[in-house]
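Residue-level listing of the chains:
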Amino acid sequence: MQRYLIRRALVTIPILFGITVMSYFIMSLTPGDPVQMLVNPGMSQADVEIKRRALGLDQPVYVRYAKWLNELVHGNLGYSYSTGAPVTKRVGERVAPTLTLTVTSLLLSYLIAVPIGVVVATRRYTWIDYAATFLAFLGISLPTFFLGLVGIYVFALRLRWLPVGGTMTLGGDGGLLDLLLHLILPASVLAVAGAGALTRYVRSSMLEVLGQDFVRTARAKGLAEATVLRRHALRNALIPVVTLAGLQIPALLGGAVITEQIFEWPGMGRLTIEAINQRDYPVLMGITLITALLVTLGNLLADITYSLVDPRIRYE
């Protein structure tokens, strides 16, 4: 396992390098001048040029990238164009809220999808199966922003059960219970889309396992159906499902961009929208790099979990 982890770490380096190269050069091709976002009507053209030189934007893009990469090697992600604050500080403040939101939604999606997937697999072609299939496709098809707006209208504005957005109530103590209340709506919205696809996958995996010989043997021995499902079928059916956790992380982080904006959740997704509007490229590069690291780490954790669930897997 140790050799496998070292190999994965070594493979990650060129991947991250490629991501930063593509991201930096694509950003340089996007329309919009970062300096124009910072100037005010009272500034002369000479002042604008001075500002441009101060930010290093008068240099070729490959020179700017080489300087950015050199700073990265020394642990510096640069400074925000708009605020002048270190990118490490701006992005670092947003990582924890985004991780809280995405990890909670990932757990919710599994808590929803696994029981439903098992039930519909054991009741194939019944009204329960058709109803669950309809709801799963509905969750997959509906866009995140629409679910978010519906959730705000129903649970926050009409029923007044949950707060509209943010992470704490104004004037409140900002305790754990208050945070959980603010987390329910955005995490549930993110979880719905993931749960829809996951339910279909769990159903297919369960149906495949239920047709295996070892399940028939367990039933022939007279074991109760619940025991057969829990001890023999479910564990084997969940082995391939575990790998989906790593694949869902990029989708969750992508969905968090919209969800955080709708619910005013102070995470990396909301910072991404702010940085795009301000053409704050150092912040965008920092977010891209941290997101790539989180996705890589998530996939690595999924691989390790896979080996724990299935003892036949050995990473040597």
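Structure: see above.
Below is a summary of the structure that appears in this document. (Residues numbered from 1 in each chain as written. Predicted model: local features only at pLDDT ≥ 70, side-chain atom pairs only at ≥ 80, totals over all residues. Heavy atoms only, no water.)

1. Quick word on the environment of Ala-9
Topologically, Ala-9 is positioned in helix H1 (residues 2–29). We classify Ala-9 as partly exposed; its relative accessible area is 42%. Separated by 291 residues in the primary sequence, Ala-9 and Leu-300 have C-alpha atoms spaced 9.5 Å apart. (Helix = DSSP H or I, 4+ residues; strand = E, 2+ residues; numbered from the N terminus. Buried < 20%, exposed > 50% of the residue type's maximum accessible area, 1.4 Å probe, protein only.)

2. Examining the nonpolar core
Residues Leu-101, Tyr-110, Leu-198, Val-202, Met-206, Leu-210 and Ala-233 are the most contacted members of the largest nonpolar core, which totals 27 residues. Examining the composition of this core, we find that nine residues originate from one element, helix H9 (residues 225–262), more than from any other. Every residue in contact with Met-206, bar those within four places of it in the chain, is listed here: Val-118, Ala-121, Leu-229, Ala-233, Leu-234 and Ala-237. Ranked by size, the runner-up nonpolar core spans 25 residues in total, among them Val-35, Tyr-81, Ile-249 and Met-268. (Core = buried A, V, L, I, M, F, W, Y, C linked by side-chain atoms within 4.5 Å. Contact = heavy atoms within 4.5 Å.)

3. Section: the pattern of salt bridges
Where charged atoms of side chains with opposite charge meet at close range, the side chains can pair. With the rule as written, the count across this model stands at seven salt bridges. The shortest N-O distance in the salt bridge between Arg-90 and Glu-274 comes to 3.9 Å. Of the two residues, Arg-90 sits in helix H4 (residues 87–122) while Glu-274 sits in helix H10 (residues 268–277), which places them 184 residues apart along the sequence. A salt bridge links Arg-94 to Glu-274; its shortest N-O distance comes to 3.8 Å. Residue Arg-94 is found in helix H4, and its partner Glu-274 is found in helix H10; the two are separated by 180 residues along the sequence. Beyond isolated ion pairs, a larger network of salt bridges with shared partners links Arg-90, Arg-94, Glu-274 and Asp-280. (Salt bridge = Lys/Arg side-chain N within 4 Å of Asp/Glu carboxyl O.)

4. What to know about the packing of aromatic side chains
In this structure the tally under the stated criterion is six aromatic pairs. Aromatic pair Phe-155 and Trp-161: ring centres 6.2 Å apart, planes at 40°, arrangement tilted. For Phe-155, a relative accessible area of 33% gives the class partly exposed. An aromatic cluster is built from Phe-17, Tyr-24, Phe-25, Tyr-65 and Trp-68, whose rings are joined through pairwise contacts. (Phe/Tyr/Trp six-rings, centres within 6.5 Å; stacked < 30°, edge-to-face > 60°.)

5. Quick word on the side chain of Ser-105
Along the chain, Ser-105 turns up in helix H4. Not counting the four nearest positions on each side in its chain, Ser-105 is found in contact with Ala-187, Leu-190, Ala-191 and Leu-252.

6. Notes on the packing of H4 against H10
For the pair H4 and H10, the least separation of the axes is 8 Å and the interaxial angle reads 140°. Considering their axes alone, H4 and H10 lie oblique with respect to each other. Of the residues in H10, those touching H4 at Arg-90, Val-91, Arg-94, Val-95 and Thr-98 are Met-268, Gly-269, Arg-270, Leu-271 and Glu-274. For the contact of H4 with H10, the residue count by class is four nonpolar, two polar and four charged. (Axes fitted to C-alpha atoms, helices over the stretch in contact; angles between N-to-C directions. Parallel < 35°, antiparallel > 145°, perpendicular 65-115°, else oblique. Nonpolar A, V, L, I, M, F, W, Y, C, P; charged D, E, K, R; others polar.)

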